[in-house]
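Spelled out, the chains give:
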Amino acid sequence: MKKFIIFSVICLFAFANDAVAQFVNNKTTTTQKKAYTGVPQTNSTSTKPNIVFDSYIQTGVIFNGDGAGPIAECSLGVKFYEHLYLAPYVAIHSHFVGIPKELQDYYDKKVFSSCYIPIGANMRILLAKQSKTHIVPFIESTFGGFFGIEEMKGYKGFFCQVGLGVDINRLSLGIGYNGLVKNGTANMGYIKIGITFDD
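Note that the structure is predicted; figures quoted are calculated from it, not measured. Every residue gets a number counted from 1 within its own chain, in the order that chain's sequence is written. In keeping with the model being predicted, local features are shown solely for residues with a pLDDT of at least 70 and side-chain atom pairs are shown and tallied solely at 80 or more, while totals for entire chains, interfaces and linings include all residues. To get the side-chain values, take all heavy atoms of the structure and skip hydrogens and water.

### Re the nonpolar core
- Ile-62, Ile-71, Tyr-89, Ala-91, Tyr-116, Phe-146, Met-152, Phe-159, Leu-180, Met-188 and Tyr-190 together form the largest nonpolar core, which totals 11 residues.
- Note on definitions: a residue-residue contact is assigned when non-hydrogen atoms from the two residues lie within 4.5 Å. When residues no more than four places from it in sequence are discounted, the contact partners of Met-152 are Ser-114, Cys-115, Tyr-116 and Phe-146.
- Buried residues of nine kinds, namely Ala, Val, Leu, Ile, Met, Phe, Trp, Tyr and Cys, make up a nonpolar core once their side-chain atoms join them within 4.5 Å. Only protein chains enter the accessibility calculation, which uses a 1.4 Å probe; a residue is then buried when its area is under 20% of its type maximum, exposed when over 50%, and partly exposed in between. Of all hydrophobic cores here, the second largest spans five residues; its members include Ile-92, Cys-115, Ile-117 and Ile-149.

Structure below.
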């Protein structure tokens with residue numbers, strides 16, 4: 001239930017961000033309309049603003065040789081000149097590891113579950129302009145910290161992600177590295193799929 005509430009809050013923030021972005025861009029479009037002078041207007045082609053609100057909601061999995069688990073992520077920020085995206089980032093990650101049969105009676109369970117919330121800053125370098133193509137590859141990095149919940153309660157440390165991806169219209173796909181540092185390093189990979197609310 002806690003996970004569902006957290007994910008619902010993340011979704012609400014993203015939809016609110018999208019509504020604000022649409023309001024701002026609609027207002028900008030209205031103020032830019034020219035009064036009718038009786039002379040036909042030329043050069044009416046529109047261009048995207050240099051700075052726009054943007055957001056991503058994504059889900060996927062993190063994994064390593066020991067196990068895997070689902071993730072849900074959200075970032076709400078600003079895109080500059082269609083090539084740089086900067087945003088605060090929050091997520092919830094889970095990781096499940098099977099316990100060997102000979103130890104299941106000792107631990108009284110079959111699976112170890114790890115759950116934590118990473119918070120940080122997300123940056124994407126977009127390698128093409130969305131106004132010119134519907135396929136936009138990007139390089140992504142996220143740095144920040146994490147704190148554990150449930151069975152990981154009390155754990156906190158450094159969090160990072162580095163990866164590659166592609167936006168296809170509003171669909172976003174990504175793969176890369178997911179790392180935690182707390183008295184050692186937990187190395188994992190990730191696969192993500194999501195949507196973008198870019199205007």
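### Some remarks on the sheet that holds strand S4 (residues 111-126)
- Strands sit in the order S1-S2-S3-S4-S5-S6-S7-S8 around a closed barrel of eight strands; the barrel is antiparallel. Between one strand axis and the next, the sheet turns through 25° on average, direction left out of account.
- Strand pairing requires that DSSP identify at least two bridges connecting the strands. A run of DSSP states H or I qualifies as a helix once it reaches four residues; a run of E qualifies as a strand once it reaches two. Both are numbered from the N-terminal end. The pairing of strand S3 (residues 84-98) with S4 spans 13 bridges and is antiparallel. Directly across from Phe-96, in S4, lies its bridge partner Ser-113. Every angle, taken between N-to-C directions, lies between 0 and 180 degrees, and every axis is a line fitted to C-alpha atoms, over only the stretch in contact when it is a helix.

### Concerning the pairing of strand S2 (residues 67-80)
- Across 13 bridges, strand S1 (residues 51-63) lies against S2 in antiparallel orientation. The residue of S2 that forms the bridge with Asp-54 is Gly-77.
- With antiparallel pairing between neighbouring strands as the criterion, S1 and S2 make up a hairpin whose turn holds three residues.
- In terms of strand pairing, S2 meets S3 through 10 bridges, oriented antiparallel. Counterpart to Ile-71 in the pairing with S3 is His-93.
- Connecting the antiparallel pair S2 and S3 is a turn made up of three residues, with Tyr-81 showing a positive phi of about 50°.

### Focus on the confidence of the model for the chain
- Taken over all residues, the pLDDT of the chain has a mean of 81, while the share at 70 or more is 75%.
- Contacts of residues 11-16 to residues separated by more than four positions or lying in other chains number eight contacts, the stretch itself having pLDDT below 50. In predicted models, pLDDT denotes the confidence assigned by the predictor to each residue on a 0 to 100 scale.

### Considering the pattern of salt bridges
- A pairing counts as a salt bridge when a side-chain nitrogen of Lys or Arg comes within 4 Å of a carboxyl oxygen of Asp or Glu. In total, this model carries five salt bridges according to the counting rule given.
- With a shortest N-O distance of 2.9 Å, Lys-192 and Glu-73 are connected by a salt bridge. Within this pair, whereas Lys-192 is found in strand S8 (residues 185-196), its partner Glu-73 is found in strand S2, the two being separated by 119 residues in sequence.
- Residue classification places Lys-192 among the buried positions, given a relative accessible area of 2%.

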